[in-house]
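# Architecture and fold: a report
Here's the letter readout for the chains.
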Amino acid sequence: MVDYHAANNQSAGGAQTYMEQENDWDRDLLLDPAWEKQQRKTFTAWCNSHLRKAGTQIENIEEDFRDGLKLMLLLEVISGERLPKPERGKMRVHKINNVNKALDFIASKGVKLVSIGAEEIVDGNAKMTLGMIWTIILRFAIQDISVEETSAKEGLLLWCQRKTAPYKNVNVQNFHISWKDGLAFNALIHRHRPDLIDYDSLRKDDPVTNLNNAFEVAEKHLDIPKMLDAEDIVGTLRPDEKAIMTYVSCFYHAFSGAQKAETAANRICKVLAVNQENEQMMEDYEKLASDLLEWIRRTIPWLENRTQEKTVKDLQAKQEDFRDYRTVHKPPKVQEKCQLEISFNTLQTKLRLSNRPAFMPSEGRMVSDINTAWHTLEGAEKGYEEWILSEIRRLERLEHLAEKFHQKAAIHESWTDGKEAMLTQKDYETSTLSEVKALLRKHEAFESDLAAHQDRVEQIAAIAQELNELDYYDAASVNTRCQKICEQWDILGSLTHRRKESLERTEKQLESIDELYLEYAKRAAPFNNWMEGAMEDLQDMFIVHNIEEIQGLISAHEQFKSTLPEANKEREAIQAIQAEVQRIAQSNGIKLSSANPYTTITPQSIDSKWEKAMAMVPQRDNALQHELNKQNSNDSLRATFAAQANSVGAYIQAKMEEIGRISIEMNGTLEDQLTNLKEYQKTILSYMPEINKLEAHHQHIQEALIFDNQYTSYTMEHLRVGWEQLLTTIARTINEVENQILTRDAKGISQEQLYEYRASFNHFDKDHSGGLKAEEFKACLISLGYDVENDKQGDGEFNRIMGIVDPNSTGVVTFQAFIDFMSRETTDTDTADQVIASFKILAGDKNFITADELRRELPPDQAEYCIARMAPYAGPDGVPGALDYMSFSTALYGESDL
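Residues numbered from 1 in each chain as written. Predicted model: local features only at pLDDT ≥ 70, side-chain atom pairs only at ≥ 80, totals over all residues. Heavy atoms only, no water.

## A look at the overall build of the protein chain
The criterion, for reference: To qualify as a helix, a DSSP run of H or I must reach at least 4 residues; to qualify as a strand, a run of E must reach at least 2; elements of each kind are numbered from the N terminus. The rule is simple: take the accessible area with a 1.4 Å probe, protein chains only, and divide by the maximum for that residue type; under 20% is buried, over 50% is exposed, in between is partly exposed. Note on definitions: a residue-residue contact is assigned when non-hydrogen atoms from the two residues lie within 4.5 Å. Here the open area of atoms and residues is found with the Shrake-Rupley method and a 1.4 Å probe, where only the protein chains shown may cover a residue.
Looking only at helices and strands, the protein chain has 33 helices and four strands in total. Across the 898 residues in the protein chain, those meeting the buried criterion constitute 46%. The long-range fraction of contacts in the protein chain, counting pairs at least 24 apart against all pairs at least 6 apart in sequence, stands at 75%. As displayed, the protein chain has an accessible area near 44,300 Å², and 50% of this comes from carbon and sulfur atoms.

And the structure:
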């Protein structure tokens, strides 16, 4: 038998006091059977209330502790400490060793164990076992109870007296007779939880009902196991004091933690409210980002669509749709993009202020991702606009070429009409010599005419080739017509060659020829061809884009008119030949045929074509003059747009520079700066009519199909981007000041501190970029007294700080990140350890918590929030439905995954 009496002489305070009060227990005396029964029930229930936390329990108090295993487990649960590893053998020595380890642990807690030996516990001595359990209860459940510096027992009694004082028929003077009628138990519950007990309905003369009511309510709602039966207490003259003290101590511990639980619940509510608000902002950001990215995703394919249209009119309809996109659909998305950046910055500020990790949006939804997508959108937008303008030019060119092709083809087809029949006739077989000679000369004239038309055929083929290369929509019909013309041209060449051979064979027999007719024919044919070419040129379509081009056409036309006198002389010379023919015929009595045998070109046809050509000259003059007026008007439109564009460009540049200067100056309080910035924003927004005016000028430019402007270097696209950047910059600057106010108010930073922070920041921001590079930031920290010099320790501290102010490793520290860091260095916030400690109070010191405990201690919405997000508890001491509040708490602060 081991005597622990002298094992802990150093414990001369509380442990001695409460043990001296219990010296009335004597191992040599037999317990009253009724008391022993009450102690067995009470001590067994008390032990099981703790062993259940480890997933086990006892049935017989003196038998189940004999091997020392559950005794050691009980001490580990109630102390929260680890005992030496137990021996698993079944021999008596193993059991004695285990019990001795438990008794050694009890003694190490300042408890004097008088004459309690491991052998008696192993042998199942009921009195010794009950005495040992009572010693454990005194040490771990009652010793710490103290009210006004009283002993443990007196403190527990004083607590009961104070709590039950207002209740009728209750007078607690001890831990036996005062509790027999059950009213004291009910009063304790009603004092702390009036919702559980209808105290006024209880009767002093019905103790069994009173006791059962208190025991059942305590077991159901307070997690206090039923330790006694009402009949045992009522049926005993004097209930066992140890049993009653053990039972009452459970009520004390249950209610003494209520205030701690309320404080813990309040802290958790505060933390959860912040987290819920942040989660809502994150969801709003994710939705807005998703919607904007989806709009960009849908819009880019439309802007990248290069489906070609057949006509300029169809393409202009596309241009009108693009103009609607620019003026109607895109501006709201610009606002959404700006709002998205503002929301993101505000959320990050709130997360920093509440000591939460920075918000990382879903993959592909970062602000940088949205900016990248927006840049891609603007690139597609620019490409689409350029494509439309180039397509308009291409279609105009195609329509001009197609019209020119059909015009030349029609002239050629008109000329070739009947030529095959003429070349295949056999008229020379029955003709006289002069007639044959005339036929031969006529054929030579035809060959000359045929050769002159060769150039037109080549032009027709070249135009058809160009239409094919430019992907003309009706290229098939053009190719068919061109093929027909070329095939017919080959046939005419072959027929011409054969007819010439026939005439030459006949020429040997025919000598007479009318030289005069021949000369007429030879001169009339090229002149006629020249007139047809001139008429064709006078009717030719033209497209110009500036004054220089139309002036070039006018110059060419003037040069053409200068050749008309010489051409008229040729016409008169040709007509003189015909007049000479008539004169010779009349003088010699020659009967002329009705037509020149060498040509079909008559003097009348030459004069007729000449008159038509002369009539076309003033028409061409008018057309060229009209186009000159149009180009002058276009030049005026260019100048008007350039004047407005140069003014708007200068305005945007000036305002961007002013905003950059304002953002680094410190004039007045933050509220004054915010008010001034918002007024400045109104001033900028009031300039919008000038932008709209410029858009109107630009629309006129586009409607006039003007593609260049030598009077300005600005384009509408550049100015739109500049205007959008100006609006975004002022909104971002306002948001930064608002975040500074939010940080100042949340962290209690004075205006003077902010001025000092801004002055230090500006001093090292040498390029006035609004951000500090790493070396600039290090110099700033050194000036503020931080030990970040260039050594191993200083570099480590600097890297730690850079991880806080620049979590994305951009290499630049913004002013907002700078003041967040400075404010964080001087203020305190909630931590994950504080939240875990609060949850542990609510859980009754367990390593897990249940859904019922959360619903009892927290408001409904926040209780359900926790239940939905807490992972199941996987520890060996868990119970069904146990929840892991530790991983949940660390996840709130970014230390693990939620």
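Having seen it, we continue.
## Quick word on the packing of aromatic side chains
Worth spelling out the cut-off: The rule is short: rings of Phe, Tyr and Trp, with Trp giving its six-membered ring, pair when the centres are within 6.5 Å, and they are stacked under 30 degrees, edge-to-face over 60, tilted in between.
In the structure shown here, the tally under the stated rule is 28 aromatic pairs. When the ring of Trp-179 is compared with that of Phe-185, the centres are 4.9 Å apart and the planes differ by 55 degrees; the resulting orientation is tilted. The pair formed by Trp-179 and Phe-185 is uniform in burial state, with each residue classed as buried. Of the aromatic side chains, those joined through ring pairs into one cluster are Phe-175, Trp-179, Phe-185, Phe-215, Tyr-247, Phe-251 and Phe-255.

## Points about the nonpolar core
Where a protein is soluble and globular, its nonpolar side chains tend to be buried together. Heads up, the rule is: Within this scheme, the nonpolar core is defined by two criteria: the residues are buried Ala, Val, Leu, Ile, Met, Phe, Trp, Tyr or Cys, and they are joined through side-chain atoms within 4.5 Å.
Core analysis: the biggest nonpolar cluster contains 77 residues, and Ile-136, Trp-179, Phe-185, Ile-189 and Phe-251 have the highest contact counts within it. Looking at which element gives the most residues to this core, the answer is helix 7 (residues 126–142), with 11 residues. If sequence neighbours within four positions are ignored, Phe-251 has contacts with Trp-159, Phe-185, Leu-188, Ile-189, Ala-218, Leu-222 and Ile-224. Leu-694, Ile-734, Ile-749 and Ile-819 belong to the second largest nonpolar core, which has 48 residues in total.

## Regarding unusual backbone geometry
If a residue is not glycine, its phi is most likely negative; likewise, a peptide bond is most likely trans. Here the phi dihedral of Asn-169 falls at roughly 65 degrees; this positive angle occurs in a residue that is not glycine. Its location among the elements puts Asn-169 in the loop between helix 8 (152–164) and helix 9 (183–192). Despite not being glycine, Ser-809 has its phi angle at roughly 55 degrees, a positive value.

## Regarding the UniProt feature "domain: EF-hand" (unreviewed entry) in the protein chain
Quick reminder of the rule: UniProt positions are given in the numbering used here, feature names are shortened, and annotations may be inferred rather than shown by experiment.
Mapped onto this structure's residue numbering, the UniProt feature "domain: EF-hand" (unreviewed entry) falls at residues 752–787 and 793–828. In residues 752–787, helix accounts for 64% and strand for 8%; the two terminal C-alpha atoms are 24 Å from one another.

## Quick look at helix 8
Going by this rule: Expected span, for any helix, means 1.5 Å times one less than how many residues it has.
Spanning 13 residues, helix 8 covers 18 Å between terminal C-alpha atoms, matching the ideal 18 Å at 1.5 Å per step. Among all positions in helix 8, only Ala-152, Gly-155, Leu-156, Leu-157, Leu-158, Trp-159, Cys-160 and Thr-164 are buried.

## Here's the deal with the side chain of Glu-279
Selection rule: By the criterion applied in these results, polar contacts are pairs of N or O atoms within 3.5 Å in which, for protein atoms, one can donate a hydrogen and the other can accept it, and in which residues neighboring in sequence qualify only through two side-chain atoms.
Tracing the chain through its elements places Glu-279 in helix 13 (residues 258–304). There is a polar contact of 2.7 Å between the side chain of Glu-279 and the side chain of Tyr-865.

## Quick look at the environment of Ser-343
Relative to the elements of secondary structure, Ser-343 occurs in helix 14 (residues 312–353). The partly exposed category is assigned to Ser-343, whose relative accessible area is 24%. For the pair formed by Ser-343 and Leu-288, sequence separation is 55 residues and the distance between their alpha carbons is 9.9 Å.

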